[in-house]
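Coordinate inspection notes
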Amino acid sequence: MLKLLRQSPLSARIGMGIVMLNILVALFAPLIAPYGETSVVGDVWESSSAKFYIGTDHLGRDLLTRMIYGGRNTIALAFITTAISFLLGSFLGFVSAVKGAWTDQLLSRAVDIIMAFPTLIFALMILSVLGSSIPTLIFTIAILDSTRVYRLSRAVAMDIEVMEFVEAARLRGEGLWWLIRHEILPNALPPLVAEFGLRFCFVFLFIASLSFLGLGLQPPLADWGGMVRENSGAITFGIFIPLIPAGAIAFLTVGVNLIVDWFLHLSSGLHE
Amino acid sequence: MNNLLEIKNLYLEAFYEEQWQPIVHNISLDLKRGEVLGLIGESGAGKSTIGLAAMGYARQGCRIASGSINLDGKELFGASQEDLRVVRGSKISYVAQSAAASFNPAHRVIKQYSEAPVHHGLMNHAEAEKEAVEIYRRLFLPNPEKIGYRYPHELSGGQLQRAMVAMAMSCHPEIIVFDEPTTALDVTTQIEVLAAVKEITEKMNKAALYITHDLAVVAQVAHRIMVLRNGRLVEINETRELIKNPKEKYTRELLNVRSLRENKTIHEKMDVILDIKDVAATYTGYDNVVEDIDLTVRKGRTVALVGESGSGKSTVAKIITGLLPAINGSIKFLGKELPRKLKDRKKDDLRKMQMIYQMPDTALNPRQTVRQVIGRPLEFYFGIRGKKAEDRIRELLVDIELDPDHYIGRLTTELSGGEKQRICIARALAAEPELIICDEVTSALDQLVAEGILDLLQDLQNKTDMAYLFITHDLATVKAIADKIVIMLQGKIVEQGEKKEILSPPHHEYTDKLLASVPEMDPDWLDNLLEKRASTFI
Amino acid sequence: MKNVLMLIFKRCGASLITIFIISLIIFIGVEMLPGDVAETVLGQGATPETVEQFRKALKLDLPPHIRYGAWLNDFVHGDFGNSLANGRPVAGLIGWRLGNTLFLALSTAMIAIPLALILGMIAAFYRNTFFDKLISTTTLSFISFPEFFIAYILISLLSVKFNIFPSLAVIDPEMGLGSRIYAIVLPSLTLTFVVTAHMMRQTRAAIINVLASAYIEMAEIKGIRRLRIIALHAFPNSLSPVINVIAVNMAYLIVGVVIVEVVFVYPGLGQLLVDSVAKRDLPVVQASGLVFSVVYIFLNLAADILSMLSNPRLRQSQI
């Protein structure tokens, strides 16, 4: 593992640096942030000064503080959602592949239907009915996103399932859980790890987009997508505040993608 | 100089583990007009790479490092891409192993034939197509006027392979490189392609490099044979001389591959272990893939289930193991009726019937160690764990002739094909079975390795009196180890009986064709066979 | 040809069933509103009259399956009900905006698809060169950027700093084509960046996959020129996978359109949908959601049929 890290290319190292920085800031937000998350401490859209390192937002809150808490909220939300989506999607995908027959038919057709909607439209419609709260947000996005995880893990598991070592375990009389845990999962892990990174990016951008549309995290909680929306008016005055949270979103996603790219390259290289 | 092709001190390299490493060392060969040189060796011998290098071509990740490749007075090593392009296809052409993958699915077969001659400016489309029909006819393709106008996916494997041999002729090249052209085919189809190759090399007097792993096949077409191993020359000699007086030990081993084993003494009637009556099965629900299957396997005996691809022999294995439930008939195992579905069977019945597979690479979980692979059936069936399991695993490793200290902790991916297959055998042995179903267990292995596996299976049977059901398409294997032979064709059993009965005439018509199609080491075998067929059928 | 027709027929049938199920889901979704729909939506302060009116508007007084039948029937006949927010017919609200959205999406597609295919092909043919790496890194960045980031960068540069294009894409029905196009340059450019990046990466992968086939090697060994190999051997076999790539990326276009419309305050269906979700104007949400889904399903259907028609393995020689 260490050896692998030492051989990693520059791009992957940059990616890891970006991700580490974001994780640290998110974890220690209350310790780092100069002010309280929602406290109004200055004028509207003040420019950067010794007091406010990168200025203030549309209500006069310290922008750096908002950025730090916004990162913490957005990243945590995206991470939890991705984790749920992944557990759900990969478990159902594996069960589908191993059980086959009507279990597979039922799950796959249900997934087909959900995927026939454009994701954002589906999410918007659910949120319009249920209203936007954090649990609704998490479960809506997790379920929508798990369809993609399902497709991939089912395909990966199918490729493994046709191999004779799985048949040998079946003929031995092993049960469903053993087949998934010991035969399928260890072999499905490398592609799924890369997929986790991609899904995280997707979910993260998705949540940011929903917040940007005003349907994600609700104020006064800070989050990067919402901050772009709140401050979007500034841009016509030549104040480029919305670019800061938007850039932060892009920055983290690029970081994760750099790592995923290296990982995909690595695992494809091992096959040849 | 009258050599058409002269390769001198050729070195080839491949890129792996982040650096260029040699794979072919110092190979020299020459080829005269009208001569066929056979290149033979096991996997990793570098024979395909040399064949392609003769065209100045190296696959992605390979390169020609040094040496000289002189084709009819023209040096190909270091030649420009454009110079190479002009030579390829027109002076020297290539027949690949898999015709199905090598034909472009988007174009009709005859358009792909005429592409090269038109592109090289040798003739126009109409002329090329006229010639194509003529060559299709000479290569015994059915309906030669029309078959070319089909798409590749509309032709059978054997037809496509012959169409590719025809395509290699399209520019009237001086040399053709045949790269395992019959390996992917059934024995009865192999004859058709071999006949086509013979037609071209002998009647049309073309020089050729014929690459294969099968000495008996190459003996039919080659004037001289070059034996390769691990990218190095072992020996080279006239075909008849090489077969009669091999100089090297390795060549002798390759020659001995097909020699018959001593028949073990047939014991008195042993107990019947497996008794199948009137079994049929279907994948679709209305079309039976196999029907009327009756067979019995006795303790300590080996029954070979023989058939070509699509004969339904592997389906029979699936029915017996319960993966594909039979739709009628009965399966009796150790005197008791077995439930048809796998999940309805008792653990102890599952234990007593084990299976070994064709591809040792996919039959072992790449994430497990040898200890885990063999230990699991011990734990699962007998509840043996810890120190006792460790001791038993070591015993089993000794039984399969692998050093326990060296192998027990290794990941399965670190093993060679033959070692993997041995681990598969140990996994089956760990369950202490009464019957082992062996599904093409040697066909993915190099011949010498396969030989070792067959010997091991034979020894184990002598020690434990296990029964084997041996599923295979390879009659040489059958002759070597079977006690009883069952021959299948299109989902039905056409003939079965003791080995001696089946192998000596009179045969069923299909059995006869099958037996006659197995190449023999005798260089005159193919000529005699074609002569005989011509006289009986025309 | 027969079996291709059969496949297409089946595929059309599947799409129809999907549309039916989706309409059912959308309908049931609104049904699932907890408690009394009218009171939930209208809030505590609603008078009994308004509640009654609301129930009538949503036909809440009838049993569910009849309501569904009536709703679907109305929908097919172009009657999408009335908006709860302003009481105007939904069909009227949607019509013009759908046209605007399609105008934006299609003009983007017309630039993005050829651009992505060309870049993808070049990257595939010259893979592992500097050009390939440059383009891979650039597109990796663009797929990592949220649409509004690109949008605001473009606004900052081209609108605020240099004042070339308007930062708001205002259009009205009387505008001519030229001024319309001028208005949507920035939103269209934003979408082009996002869609091209995704599509180009997948095109590259699809073509590299085809180039690794044995028949391409065979063509090289036959001494065929590179250009001809690409045009006659690689291209016909790449069509089918590339069409799939285009279809998959329609999803990015649809999602992107919604966000870009909000950024540029462009009067399209996406903005209408987002506004209505915020206001919980259910008839409008239902209708615009269904319209989006139907468009999306038809795009996928069209792509699938084209992909089938261009798959050489489904061809038959009729001999």
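1. Some points on the sheet that holds strand β13 (residues 302-306) of chain B
Adjacent strands of a sheet pair through backbone hydrogen bonds, lying either parallel or antiparallel. All names here are of chain B. With respect to topology, six strands assemble into an open sheet ordered β16-β17-β18-β13-β19-β20, the strand pairing being mixed. Two strands lie at the open edges of the sheet, namely β16 (353-356) and β20 (492-498), each paired on one side alone. For this sheet, the mean inter-axis angle between neighbouring strands, taken without regard to orientation, is 15°. Alignment of strand β17 (residues 435-439) against strand β18 (residues 467-472), held across five bridges, turns out to be parallel.

2. Quick notes on the interface of chain A and chain C
It is common to give the size of an interface as the accessible area lost on bringing the parts into contact. Listed by partner, the interface residues are 38 residues for chain A and 42 residues for chain C. Carbon and sulfur atoms make up 82% of the area that chain A and chain C hide from each other, which totals about 3400 Å². For the chain A face of the interface with chain C, the top three residues by lost area are Ser128(A), Val129(A) and Phe212(A), together amounting to 16%. In this structure, the connection of chain A to chain C is made through one salt bridge. A salt bridge links Arg201(C) to Asp261(A); the nearest nitrogen and oxygen atoms lie 3.3 Å apart. Between chain A and chain C we count three residue pairs in polar contact (both at pLDDT 80 or more) in total.

3. Section: the pattern of salt bridges
Residues and elements named next belong to chain B. Here the structure, examined in full by the defined rule, presents 54 salt bridges over all chains. Between Arg63 and Glu13 there is a salt bridge whose closest N-O contact spans 2.8 Å. Of the two residues, Arg63 is situated in strand β4 (residues 62-71) and Glu13 in strand β1 (residues 3-16); the sequence distance between them amounts to 50 residues. Judged by relative accessible area, Arg63 falls into the partly exposed class, the value being 34%. In this structure Glu13 comes out as buried when scored by relative accessible area, which is 17%. Put simply, Glu395 and Arg392 hold a salt bridge, and the shortest N to O gap is 3.1 Å.

4. Considerations on helix α22 (residues 509-517) of chain B
Among the residues of α22(B), those classed as buried are Tyr510(B), Thr511(B), Leu514(B), Leu515(B) and Ser517(B). Looking straight down α22(B), one finds its buried side chains confined to an arc of 165°; they lie on one side.

5. Some remarks on the domain arrangement of chain B
Residue and element names in this part refer to chain B. According to the domain assignment, chain B contains domain 1 (3-256) and domain 2 (272-504). Here the C-alpha centre of domain 2 lies 37 Å away from the C-alpha centre of domain 1. Listed as interface residues are 11 residues of domain 1 and, on the opposing side, six residues of domain 2. In total, domain 1 and domain 2 occlude about 820 Å² of area from one another, counting both sides; carbon and sulfur atoms represent 41% of this. Contact with domain 2 buries area across many residues of domain 1, yet Glu42, Asp186 and Val187 alone supply 49% of it, more than any other trio. Summed over the shared surface of domain 1 and domain 2, the result is zero salt bridges. Here domain 1 is connected to domain 2 by five residue pairs in polar contact (both at pLDDT 80 or more). Elements supplying a minimum of two residues to the side of domain 1 that touches domain 2: α8 (187-203) and α11 (249-256).

6. Concerning the interface of chain C and chain B
With 22 residues of chain C at the interface, the matching set in chain B holds 31 residues. Here chain C and chain B share an interface that buries about 2600 Å² over both sides, 54% of which is from carbon and sulfur atoms. On inspection of chain C and its partner chain B, the count reaches three salt bridges. Across the pair Arg59(B) and Glu217(C) runs a salt bridge, and its minimum N-O distance is 2.8 Å. Linking chain C with chain B are 13 residue pairs in polar contact (both at pLDDT 80 or more). Going through the elements one at a time, α10 (214-221) and α11 (226-263) of chain C are the ones with two or more residues in the side of chain C that touches chain B. For the side of chain C that touches chain B, the element with the highest residue contribution is α10(C), accounting for six residues.

7. Notes on the sheet that holds strand β5 (residues 74-75) of chain B
Residues and elements named next belong to chain B. Across the sheet, which stays open at both edges, the four strands sit in the order β2-β1-β4-β5 with antiparallel pairing between neighbours. Of all strands in the sheet, those with a lone pairing partner are β2 (19-32) and β5, marking the two edges. Pairing of β1 with β2 involves 10 bridges; the strand directions are antiparallel. Its bridge partner lying in β2, Phe15 is registered against Trp20.

8. A short note on the side chain of Arg427(B)
If you trace the backbone, Arg427(B) turns up in helix α18 (residues 417-430). Despite its burial, Arg427(B) pairs with no opposite charge, the nearest such side chain being Glu183(A) at 6.7 Å. If we ignore the near neighbours within four places in the chain, the residues touching Arg427(B) are Ala168(A), Arg172(A), Gln354(B), Ala363(B), Leu364(B), Val373(B) and Pro377(B).

9. Digging into helix α9 (residues 176-212) of chain A
All names here are of chain A. Here α9 is 37 residues long, yet its end C-alpha atoms lie only 43 Å apart, well below the 54 Å a rise of 1.5 Å per residue gives. At Leu185, α9 is deflected by roughly 55°, the largest bend along its length, and proline Pro186 occurs up to four residues later in sequence. Backbone geometry just downstream of α9 places Gly214 in the positive-phi region, at approximately 85°.

10. Let's talk about the nonpolar core
In terms of nonpolar packing, the biggest core is built from 130 residues, with Leu124(A), Leu210(A), Phe212(A), Leu213(A), Phe148(C) and Val263(C) touching the most fellow members. At 16 residues, α11(C) tops the list of elements feeding residues into this core. Not counting residues up to four positions away in its chain, the partners in contact with Val263(C) are Phe212(A), Phe148(C), Ala151(C), Tyr152(C) and Ile155(C).

11. Here we look at the pairing of strand β10 (residues 232-238) of chain B
Residue and element names in this part refer to chain B. Relative to β10, strand β9 (residues 224-229) runs antiparallel, the two sharing six bridges. When the sheet's bridge partners are listed, Val227 is paired in β10 with Glu235. Between β9 and the antiparallel strand that follows it, β10, lie two residues; Asn230 among them carries a positive phi value of about 50°.

12. Quick word on the side chain of Glu174(A)
Within the secondary structure, Glu174(A) is located in the loop between α8 (164-172) and α9. On the basis of relative accessible area, Glu174(A) is assigned to the buried category, the value being 8%. Separated by 2.6 Å, the side chains of Glu174(A) and Arg172(A) make a polar contact. Only 2.5 Å separates the side chain of Glu174(A) from the side chain of Arg376(B), close enough to count as a polar contact. Discounting residues that sit within four places of it in the chain, Glu174(A) has contacts with Ala169(A), Leu179(A), Arg376(B) and Phe380(B).

13. Re the packing of aromatic side chains
One pair of aromatic rings is described through two measures. These are the centre distance and the angle between the planes. Residue and element names in this part refer to chain A. Tallying each qualifying case throughout the model produces 18 aromatic pairs over all chains. A centroid spacing of 5.7 Å and a plane angle of 15° characterise the contact between Phe200 and Phe204, whose relative ring orientation is stacked. Of this pair, Phe200 and Phe204 are both found in helix α9, four residues apart, which corresponds to roughly one turn of the helix. When its relative accessible area of 10% is taken as the criterion, Phe200 is described as buried.

14. A closer look at the packing of helix α15 (residues 370-382) of chain B against α18(B)
Residue and element names in this part refer to chain B. Taken N-terminus to C-terminus, the directions of α15 and α18 make an angle of 15°; their axes are 8 Å apart at the nearest point. Considered as vectors, α15 and α18 are oriented roughly parallel to each other. In this structure, α15 crosses over α18, and the sense of that crossing is right-handed. Across the interface between the two elements, Val370, Val373, Ile374, Pro377, Leu378 and Phe382 of α15 pack against Ile423, Ala426, Arg427 and Ala430 of α18. Residue composition of the contact of α15 with α18, grouped by class: nine nonpolar, no polar and one charged.

15. Regarding the environment of Glu451(B)
Residues and elements named next belong to chain B. Considering the arrangement of structural elements, one finds Glu451 in helix α19 (residues 447-464). Given a relative accessible area of 18%, Glu451 falls into the buried group. C-alpha separation for the pair Glu451 and Val218, spaced 233 residues apart in sequence, amounts to 20 Å.

16. Looking at the packing of helix α5 (residues 90-125) of chain C against helix α13 (residues 282-309) of chain C
All names here are of chain C. Here α5 crosses α13 at 40°, and the two axes come no closer than 10 Å. Here α5 is positioned oblique relative to α13, judged by the angle of their axes. Crossing handedness for the pair α5 and α13: right-handed. Contacts from Val90, Leu93, Ile94 and Leu98 of α5 reach α13 at Pro283, Val284, Ala287, Ser288 and Val291.

17. Section: a nonpolar patch on the surface
Residue and element names in this part refer to chain A. Side chains of Met20, Ile23, Leu24, Leu27, Phe28, Leu31 and Ile32 sit close together on the surface and give an oily, nonpolar patch of about 690 Å² of accessible area. Broken down by secondary-structure element, the contributors of at least two residues to the nonpolar patch are α2 (10-27) and α3 (29-32). Looking at the nonpolar patch element by element, the count peaks at four residues for α2. Tracing the backbone through its elements, the reader meets Phe28 in the loop between α2 and α3. Judged by its relative accessible area of 41%, Phe28 falls in the partly exposed class.

Conventions and cut-offs
- Residues numbered from 1 in each chain as written.
- Chains lettered and ligands numbered in written order.
- Predicted model: local features only at pLDDT ≥ 70, side-chain atom pairs only at ≥ 80, totals over all residues.
- Heavy atoms only, no water.
- Pairing = 2+ DSSP bridges.
- Helix = DSSP H or I, 4+ residues; strand = E, 2+ residues; numbered from the N terminus.
- Axes fitted to C-alpha atoms, helices over the stretch in contact; angles between N-to-C directions.
- Contact = heavy atoms within 4.5 Å.
- Buried area = accessible area lost by both parts, 1.4 Å probe.
- Salt bridge = Lys/Arg side-chain N within 4 Å of Asp/Glu carboxyl O.
- Polar contact = N/O pair within 3.5 Å; in protein donor to acceptor, adjacent residues only side chain to side chain.
- Buried < 20%, exposed > 50% of the residue type's maximum accessible area, 1.4 Å probe, protein only.
- Arc of directions from axis to C-beta.
- Domains from an automatic or database assignment.
- Lys, Arg positive; Asp, Glu negative; His and termini not counted.
- Expected span 1.5 Å × (residues − 1).
- Bend = angle between axes of the 7 residues up to and from the residue.
- Core = buried A, V, L, I, M, F, W, Y, C linked by side-chain atoms within 4.5 Å.
- Phe/Tyr/Trp six-rings, centres within 6.5 Å; stacked < 30°, edge-to-face > 60°.
- Parallel < 35°, antiparallel > 145°, perpendicular 65-115°, else oblique.
- Left-handed = near helix turned anticlockwise from the far one by under 90°.
- Nonpolar A, V, L, I, M, F, W, Y, C, P; charged D, E, K, R; others polar.
- Patch = residues over 30% accessible without salt bridge, like charges linked within 9 Å, V, L, I, M, F, W, Y side chains within 5 Å.
- Areas by Shrake-Rupley, 256 points an atom, 1.4 Å probe, with all protein chains shown as cover.

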